[in-house]
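A structural walkthrough
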Amino acid sequence: MKTTRLPSIGSILYATDLSENAINALGYAVSLAHGYKAKLTVLYVVPDMWEELAQQAGLNLPGYDGLSEWEELSEGQRSGAEQALKERITEFCEHVEHCPVESSDVQVKSGRPASAILEQIEEGDYSMVVLGSHGQDMITDLLLGSVASEVVRKSPIPVLLVPLEEDELS
């Protein structure tokens, strides 16, 4: 009988959009990291709506006046998002016996969420990705497209999608 080699899970990327469902996905990520004694990296991508709209319209951003002001605003958003994310993770970990997340493992980027998640996957040595399958409102989903769908299609590593809990679907 042939021996089956089980995959090794040494590092997990948890990508969040800070939605309520993302907390459910965080629970899975923490549980997996704890169970496999894996490193857990938390990633939040501040959606760059200006970049997304410009790309859809076929515009080249660097040539436009006011871009530096927009970049400053984006940096402020990223800084605020990082603080909010660290607070949310800290609050979550206060209620968990073994929480493997350290503040140095929290990263915030700006850009298209799916692209940034896929770039992080390529840059890191992750065994898998965990994310929620539903997040923001319908307008944001229409504008940005389905982040989860794109990540699942293009990820070179396994992706665990955590659906909304039953009571959140109604």
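Basis of the calculations
- Residues numbered from 1 in each chain as written.
- Predicted model: local features only at pLDDT ≥ 70, side-chain atom pairs only at ≥ 80, totals over all residues.
- Heavy atoms only, no water.
- 1 Å grid on protein atoms, 1.4 Å probe; cavity = no way out; pocket = protein on both sides within 12 Å on 5 of 7 lines; lining within 4 Å.
- Points joined across faces, edges and corners; volume = space filled by probe spheres on them.
- Helix = DSSP H or I, 4+ residues; strand = E, 2+ residues; numbered from the N terminus.
- Nonpolar A, V, L, I, M, F, W, Y, C, P; charged D, E, K, R; others polar.
- Buried < 20%, exposed > 50% of the residue type's maximum accessible area, 1.4 Å probe, protein only.
- Arc of directions from axis to C-beta.
- Contact = heavy atoms within 4.5 Å.
- Pairing = 2+ DSSP bridges.
- Polar contact = N/O pair within 3.5 Å; in protein donor to acceptor, adjacent residues only side chain to side chain.

1. What to know about empty space enclosed by the protein
Following the criterion strictly, the structure yields one cavity of 30 Å³ or more and no others. Of the voids in this model, the largest cavity is the one considered here, and its volume is about 50 Å³. At the level of secondary structure, the elements contributing two or more residues to the lining of the largest cavity comprise strand 1 (11-16), helix 1 (20-36) and helix 3 (67-93). Class assignment of the residues belonging to the lining of the largest cavity gives a composition of seven nonpolar, one polar and one charged.

2. Some remarks on helix 6 (residues 147-154)
Within the sequence span of helix 6, burial applies to A148, E150 and V151. When helix 6 is viewed along its axis, its buried side chains cluster within an angular range of 165 degrees and face the same direction. Contact partners of the buried residues in helix 6: helix 4 (113-123), strand 4 (128-132) and strand 5 (159-162).

3. Some thoughts on the pairing of strand 2 (residues 39-47)
Counting buried residues along strand 2, seven of its nine residues qualify, which places the element largely inside the surrounding structure. Where strand 1 meets strand 2, six bridges bridge the pair, whose relative direction is parallel. Along strand 2, the bridge assignment pairs L13 with T41. The sheet contact formed by strand 2 and strand 3 (residues 106-111) spans six bridges and is parallel. By the bridge assignment for strand 3, V42 is matched with V106.

4. Description of the environment of R88
Looking at the secondary structure, you find R88 in helix 3. Residue classification places R88 among the partly exposed residues on the basis of a relative accessible area of 25%. Residues R88 and L18 lie 70 residues apart in sequence; the distance between their C-alpha atoms is 8.5 Å. A polar contact of 2.2 Å, which involves the side chain of R88, links it to the backbone oxygen of L18.

5. Points about the pairing of strand 4
Among the five residues of strand 4, five are classified as buried, and the element is accordingly described as predominantly covered. What you see with strand 4 is no split at all: M128, V130 and G132 on one side and V129 and L131 on the other are buried throughout. As judged from the three bridges shared by strand 1 and strand 4, these two strands associate in the parallel manner. Directly across from L13, in strand 4, lies its bridge partner V129. Bridging between strand 4 and strand 5 involves four bridges; their strand directions are parallel. Paired with G132 across the two strands is V162, which belongs to strand 5.

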